[in-house]
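Examination of the molecular architecture
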Amino acid sequence: MNINSTNMTLSPSSSGYLARNFLSHGLLVLLDIQIIELFMAVIVFVTIHSLRQQKRQGLPVWPFLGMLPSLLVGLQVDMYEWISSVLCRQNGTFVFKGPWFTNLNCVVTSDPRNLEHLLKTKFPNFPKGEYFRNTVQDLLGNGIFNADDEIWQRQRKTASIEFHSAKFRNLTTESLLELVHSPFGVDPGCLSLGLPEIPFAQAFEAATEATVTRFVTPTLIWKAMRHLNLGTEKKLKESIKGVDQFADEVIRTRKKELSLQSEDKKQRSDLLTIFMGLKDERGQPFSDKFLRDICVNFILAGRDTSSVALSWFFWLLNRNPAVEERILAEICGIVGEREGGNKRENESPLIFRPEEVKKMAYLQAALSEALRLYPSVPVDHKEVVEDDVFPDGTVLKKGTKVVYAIYAMGRMEGIWGKDCREFKPERWLRDGRFMSESAYKFTAFNGGPRLCLGKDFAYYQMKFAAASILYRYHVKVVENHPVIPKLALTMYMKYGLKVKLYRRDQLELQKFFNFKH
Ligand code: HEM
């Protein structure tokens, strides 16, 4: 990664610039390469040491060996599969030990009993903790994802009241309608134009990816790299700049709008506006930095989680045409119940009513199944406050880091049965009705006091968007397009999802109107 960016600087087109800046720049390039070598040496050392530790504990060493070359070429490995395979062999929990000077020690678990203990029963004993906070601080600041205690409670309470208000619900329903049926939404003809590139979204994705690299790099090393502005730290800094520019613009615009409105017209109900009207513990309005953290965290919570879930959903659908047919049959059945029979509304685009979206049980099952296999937040992190013991007997010392592997949970036979790797929406249905699962077994939305605040809204918007697209188009994934997860805070696809859209015609849909379940 670092070498690539160095090469870019050394390209012929920039040679004039380089000549002028040779001394300072040349030194930086040299330092950059030395840091990479140091970093690699540390990784090799960490690996050898960890291998010995793993062996002593009776843990399999081959997955770690398999990971080594990939780690050295830029953490390209499918880390999630590696963690899953070790967890399956270790009955759901293992202790990972790195050398004393690294931060790579942790307990990794996917056991639902431990999850319930961690997320609910002993919740106060398992905050996000200092290590997590320091690692993601540059990107998430003091926002809800990164906060504990009062700072977290305050944001949670404010957001929770807001999320449950009628005004907020109306606003989100309206914006969803606008989003799906806008010129870049799913209106006929528009998708063929292609989607615009969104610099903020790119910066955001790059920032979450670079942040995750910190978790697998000794703290000492990434802090040194940050200080010297090198490698992934340089990338992180640049991408955070892009994220901040966007957030600053949103805050500035909102402040201006509010200052221009008269008191009686201050009707706007969105989270940012609510937080702008609140005071901190000293009775002062929240700083712009804190408002920026609110923006960034809620965007991460609500935007990227749902959008990556939809990408995995459409990819899975492409591999399971029978599921797509059942979803279409469900949608057409619901549309058919509309006044005026089963005729498609010719000219105006068909917009699903909220009560119709709620009825789409099979679609909800398919989305849950996609999230079971590809959870938007693939791993999460806690820290132990006081010595404790997990229900499975694992001893937890104060300060231990605990990683709960949500991705791996979807691949545990002990939890989901022998067919756990298959995409089977039917496992979520009883007599045609959607049945939710325990949050400690299906942890895609977290559980306990930190259960996702937007879960219901997320299902609603994903169902609305998926149904609106599927009713109009057959979404075909471009052949041979590589689809693998990216190592980031959110489970993006490493190379995105390339699809071709084929407009459905009346005849094709007619088949589904006549389909019997
Ligand atoms: C498929 C969609 C979604 C998934 C899979 C998802 C998943 C999650 C997960 C795993 C967490 C816990 C994160 C952590 O503590 O580290 C979380 C928290 C949260 N989610 Fe979601 N989420 C989704 C959509 C949304 C939406 C649409 C919103 C808002 C409109 C939202 C708002 C939140 C908030 C505010 C939190 C923080 C809760 C807290 O820490 O108390 N989420 N979500």
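Every residue gets a number counted from 1 within its own chain, in the order that chain's sequence is written. At least 70 in pLDDT is required for a residue's local features to be given in this predicted model, at least 80 for side-chain atom pairs to be given and counted, and no such filter applies to totals for whole chains, interfaces and linings, which use all residues.

Some thoughts on the overall build of the protein
Secondary structure elements are taken from DSSP: a helix is a run of H or I of four residues or more, a strand is a run of E of two residues or more, and numbering for both begins at the N terminus. Across its full length, the protein holds 21 helices and 10 strands. Any residue surrounded by 20 or more other C-beta atoms within 10 Å of its C-beta is treated as buried, while 12 or fewer makes it exposed and the intermediate range makes it partly exposed; C-beta atoms here are placed from the backbone. Taking all 517 residues of the protein together, 31% fall into the buried category. Sequence separation of at least 24 residues holds for 72% of the intrachain contacts in the protein that already meet a minimum separation of 6. We call two residues in contact when their backbone-placed C-beta atoms lie within 7 Å.

Description of the packing of helix H10 (residues 199-215) against helix H12 (residues 231-260)
Here an angle of 0 to 180 degrees is reported between the N-to-C directions of two axes, which are lines fitted to C-alpha atoms, with helices fitted over the stretch in contact. With their axes 8 Å apart at the nearest point, H10 and H12 run at an angle of 140° to one another. At the point where H10 passes H12, the crossing takes the left-handed sense. Of H12, the residues touching H10 (which contributes Pro199, Phe200, Ala203, Phe204, Ala206, Ala207, Ala210, Thr211 and Thr213) are Thr232, Lys235, Leu236, Ser239, Ile240, Gly242, Val243 and Phe246. For any helix crossing, the convention is left-handed if the near helix is rotated counterclockwise from the far helix by under a right angle, and right-handed if that rotation is clockwise.

Side note on the site of the ligand
In this analysis a residue is considered near a molecule or strand if the C-beta atom, reconstructed from its backbone, is found within 6 Å of that molecule or strand. Close to the ligand lie 22 residues, the nearest being Ala301, Gly302, Thr305, Cys452 and Gly454. Elements represented by at least two residues in the shell around the ligand include exactly helix H8 (149-163), helix H14 (288-319) and helix H20 (455-472). Of all the elements, H14 adds the most residues to the shell around the ligand, at 5 residues. Only Asp, Glu, Lys and Arg are considered charged, only Ala, Val, Leu, Ile, Met, Phe, Trp, Tyr, Cys and Pro nonpolar, and every remaining residue, Gly among them, polar. In terms of residue class, the shell around the ligand is made up of 13 nonpolar, 6 polar and 3 charged.

Quick word on H14
Helix length check: H14 (32 residues) gives 46 Å between terminal C-alpha atoms against 46 Å at 1.5 Å per residue, within 8%. The largest bend in H14 comes to about 30°, at Leu300. Expected span of a helix, by definition, is 1.5 Å for each gap between consecutive residues, and there is one gap fewer than residues. In this scheme, the bend at a residue equals the angle between the axes fitted to the seven residues that finish there and the seven that begin there.

Brief notes about the pairing of strand S6 (residues 401-405)
S6 sits mainly inside the fold: 4 of its 5 residues count as buried. Note on pairing: two strands pair once DSSP finds at least 2 bridges between them. When strand S2 (residues 106-109) meets S6, the two strands line up parallel, connected through 3 bridges. From the neighbouring strand, Val107 faces S6, where its bridge partner is Val402. Pairing geometry for strand S3 (residues 379-383) and S6, over 5 bridges, is antiparallel. The partner of Val379 across the bridge, within S6, is Ala405.

Considering the packing of helix H15 (residues 321-336) against H20
The N-to-C vectors of H15 and H20 enclose an angle of 95°; their axes lie 10 Å apart at closest approach. The angle between the axes of H15 and H20 places the two elements in the roughly perpendicular class. Of the residues in H20, those in contact with Ile327, Leu328 and Ile331 of H15 are Ala467, Leu470 and Tyr471. A class-by-class count of the residues in the contact of H15 with H20 yields 6 nonpolar, no polar and no charged. When describing relative orientation, an angle under 35 degrees is termed roughly parallel and one over 145 degrees roughly antiparallel, while 65 to 115 degrees is termed roughly perpendicular and anything else oblique.

Points about the UniProt feature "binding site: heme" (unreviewed entry) in the protein
Summarizing the sequence annotation, UniProt attributes the feature "binding site: heme" (unreviewed entry) to Cys452 in the numbering used throughout. On the secondary structure map, Cys452 appears in the loop between strand S8 (433-434) and H20. Exposure remark for Cys452: the 18 C-beta atoms within 10 Å place this residue in the partly exposed category. Excluding residues that lie within four positions of it along the chain, Cys452 makes contacts with Phe445 and Asn446. UniProt positions are given in the numbering used here, feature names are shortened, and annotations may be inferred rather than shown by experiment.

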